[in-house]
Amino acid sequence: MHAETRLNPARARFLLSSSVLALALALGQAPVTAQTRELPDFAELVERVGPAVVNIRTAEKVKMTEGQAEMNEQMQEFFRRFGIPVPNQRRGAPRGGGTPDDDGPMRRGVGSGFIISADGYVLTNAHVVQGADEVIVTLTDKRELKAKLIGADQRSDVAVVKVEATSLPFVKVGDSNRVRVGEWVMAIGSPFGLENTVTAGIVSAKQRDTGDLLPLIQTDVAINPGNSGGPLVNLRGEVIGINSQIYSQNGGYMGISFAIPIGEAIRVADELRSGGRVVRGYLGVLPDDITKEIAEAIGLGKPQGAVIRSVIAGSPAEKAGVEGGDVVTKVDGKIVDKAADLRRLVANVKPGAKTTLTVFRRGATKDIVVTIGEDERSKKPGGSAESSNEPAPAASAPSAALGLKVSELTEAQRKELKLKAGVKVDSATGAAARAGLREGDLILSVDNVEVPSVKVFQSQIAKADKAKVINLVVRRDDVVSFVLLKPTR
């Protein structure tokens, strides 16, 4: 006989629990207690950041025409005669419906903001204070302070207001470039006027192109009307964005919200504080994204860059030699993935500075040095490219097989249109019509080769590989586009 080895119950339970723990760790599962420690303490964050978040109320005098004001008076007289209380009329208010100091009714709004310096500078959205005749900032200690608008930039949707106070609590600014998709974030604001409301979620995506100039931070934090201008805060208690937009089909939160990266917002705020406005660089082009098909057809490879569809007359781009159909791939060595990148990079260049554009033109890459101008929103593209001169006789083969009839441009037409090369489309049928060509279009190049004459154009069409698409650079009015012409097989 041999003695049996027996474990006492306590020892057996210990070994069993140790085995389960080892198995859980091997499977990549952390113990429940470890998971609990991973959850963020939003209460602590609110205590640290909350005192620097403010409610912003605005009032704007409603501009009424003489007829509207007269009708308003008549309606109020009607109510008074029949003993009916006048709607929205407060005791002591004048007959116009406003406060005793108003000349007329007021339109009121509510938003959020946050203090960025102890001496009273507050950051918010431009759309929160746009058009306001009065801005009131309410602090968490219930003090109400009249604010002065320092400046607002509509393109970035950033505004700065100032209250007269000292030793105010202010936020810590983080680095929006370090934001990671999936990290926890928190918002504080005044949705529907409910002050100091806290919501939380995660960063859903970065670099969302929903604005004119800024790539926004996308989150699933609940944001509603009144949250605009409030801070987006990370777990370190740093502000990484300004809550600015929501995606909605009914006006309320639907699970997607957007924030302006704080790095860009602070840059704009600094310019507003120093000069009251934001100065941006101006190139003078109409850029567009480039598709995969066009990139392959012109020999660019991958669809990266901004194709120039139009160059504004007299602009820095025209003076430097940028042409319609150029694909800008870099600005001062910084990669341009899409049209929005070109707009942002140029906007950040100081007017008067020289900038190098790397462009892909007719199968080759070259650098163009441009002296950047100052952006003025009043600048518009030029007028029509029409000419009253009689064109030369139309040509036929070999382009006729594609449904194209083209003709020469006269020297006067070239001068008026500011073109070095190009032929005019007199008619487009068949494959040409299906590609989108039409009478009056100007074909500037065929398969990356300029066509200064009908002869060169016909030669290039004849040499084109009929098994592949033919890429044309086409100008219509002042807009230049790539057209992919598919030969009939």
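Above: the structure in question.
Let me sum up the structure you'll find in this document. Here the residue numbering is sequential within each chain, running from 1 through the sequence in written order. Residues qualify for local features only when their pLDDT is at least 70, as the model is predicted, and side-chain atom pairs are given and counted only at 80 or more; totals for whole chains, interfaces and linings, by contrast, use all residues. As a rule here, side-chain values cover all heavy atoms of the structure and leave hydrogens and water aside.

Every case where a carboxyl oxygen of Asp or Glu lies within 4 Å of a side-chain nitrogen of Lys or Arg is listed as a salt bridge. Scanning the model with the defined rule gives 20 salt bridges in all. Here arginine 143 and aspartate 141 are joined by a salt bridge, their closest N and O atoms 2.9 Å apart. Buried, partly exposed and exposed residues are distinguished by accessible area as a fraction of the type maximum, computed with a 1.4 Å probe on protein chains only: under 20%, between the cut-offs, and over 50%, respectively. A relative accessible area of 43% means that aspartate 141 is categorised as partly exposed. As a salt-bridge pair, glutamate 164 and lysine 162 come within 3.9 Å of each other at their nearest N and O atoms. Look at glutamate 164 and you get exposed, because its relative accessible area is 69%. Linked through salt bridges whose partners overlap, the residues forming this network are Glu323, Asp326, Arg361, Arg362, Lys420 and Glu450.

Next up on the list: the nonpolar core. Among the nonpolar cores identified, the biggest contains 27 residues, and Phe114, Leu123, Val171, Ile242, Ile260, Ile262 and Ala265 are the most heavily contacted of them. For the purposes of this entry, the term helix denotes a DSSP run of H or I that reaches at least four residues, the term strand denotes a run of E that reaches at least two, and both are numbered from the N terminus. Residue assignment for this core shows that the elements contributing at least two residues are helix H3 (42-49), strand E3 (121-124), strand E6 (158-163), strand E8 (184-189), strand E12 (238-246), strand E13 (257-261) and helix H6 (262-275). Considering each element in turn, this core owes the most residues, five residues, to H6. With near-sequence residues (within four places) excluded, isoleucine 242 lies in contact with Phe114, Leu123, Thr124, Asn125, Gly229, Gly230, Phe258, Ala259, Ile260, Ile262 and Ala265. As used in this record, nonpolar core signifies buried Ala, Val, Leu, Ile, Met, Phe, Trp, Tyr and Cys residues forming a set joined through side-chain atoms within 4.5 Å. Note on definitions: a residue-residue contact is assigned when non-hydrogen atoms from the two residues lie within 4.5 Å.

All right, on to the pairing of strand E26 (residues 470-476) then. Counting buried positions along E26 gives six out of seven residues, so the element sits mostly inside the fold. Of the pairings in the sheet, the one linking strand E24 (residues 442-446) to E26 comprises four bridges and is antiparallel in character. Bridge pairing links serine 445 to valine 473 in E26. As defined by bridge partners, E26 adjoins strand E27 (residues 479-485) across seven bridges and the pair is classed as antiparallel. Of the residues in E27, the one forming a bridge with valine 473 is phenylalanine 482. Between E26 and E27, which pair antiparallel one after the other, the connecting turn spans two residues, and aspartate 477 there sits at a positive phi close to 55°. Two strands are said to pair when DSSP picks up at least two bridges between them.

Turning our attention to the environment of alanine 159. Residue position: alanine 159 is located in strand E6. C-alpha of alanine 159 to C-alpha of leucine 149: the two residues are 10 residues apart in sequence and 7.9 Å apart in space. When sequence neighbours within four positions are dropped, the list of residues in contact with alanine 159 reads Val122, Leu123, Thr124, Asn125, Ala126, Val129, Gly151, Ala152 and Leu272.

Bringing a nonpolar patch on the surface into the picture now. Nonpolar side chains (Val, Leu, Ile, Met, Phe, Trp, Tyr) within 5 Å and like charges within 9 Å form the patches, drawn only from residues with over 30% relative accessible area and no salt bridge. We get accessible surface area from the Shrake-Rupley algorithm with a probe of 1.4 Å; when it comes to residues, only the shown protein chains can shield them. On the surface, Leu39, Trp184 and Leu235 cluster together into a nonpolar patch covering about 300 Å² of accessible area. Relative to the elements of secondary structure, leucine 39 occurs in the loop between helix H2 (32-38) and H3.

The next thing to look at is unusual backbone geometry. In this structure, glutamine 207 is a non-glycine residue whose phi angle is positive, near 60°. The topology assignment puts glutamine 207 in strand E9 (residues 197-209). Residue classification places glutamine 207 among the exposed residues on the basis of a relative accessible area of 53%. Look at aspartate 332: it is not a glycine, yet its phi comes out positive at around 50°. Along the chain, aspartate 332 turns up in the loop between strand E17 (327-331) and strand E18 (334-335).

Residue pairs three or four apart in sequence face the same way in an α-helix, which turns once every 3.6 residues. Where burial is concerned, most of helix H9 (residues 339-347) is hidden: seven out of the nine residues are buried. Taken together, the buried positions of H9 are occupied by Ala339, Ala340, Asp341, Leu342, Arg344, Val346 and Ala347. Residues of H9 that are buried make contact with E9, strand E10 (215-219), strand E14 (281-282), strand E15 (285-289), strand E16 (306-311) and E17.

For the rest of this paragraph, the subject is the packing of aromatic side chains. Centres within 6.5 Å are what make two rings of Phe, Tyr or Trp a pair, Trp counting through its six-membered ring; a difference in plane orientation under 30 degrees is then read as stacked, over 60 as edge-to-face, and the rest as tilted. A full pass over the atoms with the stated rule returns one aromatic pair. An angle of 70° between the planes, with centres 5.7 Å apart, marks the rings of phenylalanine 42 and tryptophan 184 as edge-to-face. Of the two residues, phenylalanine 42 is situated in helix H3 and tryptophan 184 in strand E8; the sequence distance between them amounts to 142 residues. Here tryptophan 184 falls in the partly exposed class, since its relative accessible area comes to 35%. The side chain of lysine 162 reaches across the aromatic face of tyrosine 121, ending 5.3 Å from its centre. Our definition puts a charge over a ring when NZ of Lys or CZ of Arg is within 6 Å of the ring centre and also within 35 degrees of the ring normal. Against the face of tyrosine 121 rests arginine 273, its NZ or CZ located 3.9 Å from the ring centre.

On to the environment of glutamate 450, then. Relative to the helices and strands, glutamate 450 resides in strand E25 (residues 449-450). On a C-alpha basis, the gap between glutamate 450 and alanine 421 in space is 6.3 Å, while along the polypeptide they are 29 residues apart. Discounting chain neighbours no more than four positions away, the residues touching glutamate 450 are Glu323, Arg362, Lys420, Ala421, Leu444, Ser445 and Val456. Only 3.2 Å separates the side chain of glutamate 450 from the side chain of arginine 362, close enough to count as a polar contact. Two N or O atoms count as a polar contact when they lie within 3.5 Å, although within protein this holds only if one can serve as hydrogen donor and the other as acceptor, and sequence-adjacent residues are included solely when both atoms are side-chain atoms.

Summarising the element assignment, glutamine 413 is placed in helix H10 (residues 411-417). Among the polar contacts listed, one links the side chain of glutamine 413 to the backbone nitrogen of threonine 410, at a separation of 2.8 Å.

Along the chain, the position of asparagine 55 falls in strand E1 (residues 53-61). Among the polar contacts made by the side chain of asparagine 55, one reaches the side chain of serine 190 at a distance of 3.1 Å. With residues up to four places along the chain from it excluded, the contact list for asparagine 55 reads Val110, Gly111, Ile136, Val137, Thr138, Ser190 and Glu195.

With that out of the way, let us pick up the pairing of strand E23 (residues 423-428). The sheet contact formed by strand E22 (residues 404-407) and E23 spans four bridges and is antiparallel. Within E23, the residue paired with serine 407 across the bridge is lysine 424. Judged from the two bridges that link them, E23 and E24 form a sheet pairing that is antiparallel. For valine 423, the partnering residue across the bridge sits in E24 and is isoleucine 443.

On to H3. Here H3 has its buried residues at Phe42, Leu45 and Val49. The buried residues of H3 occupy an angular sector of 55° when projected down its axis, which confines them to one face. On the buried face of H3, the contacting elements are E1, E8, E9 and strand E11 (231-234). Regarding H3, its N-cap is aspartate 41, as a side-chain oxygen of that residue lies 3.2 Å from the backbone nitrogen of alanine 43 further along. By construction, the arc corresponds to the directions joining the helix axis to the C-beta atoms.

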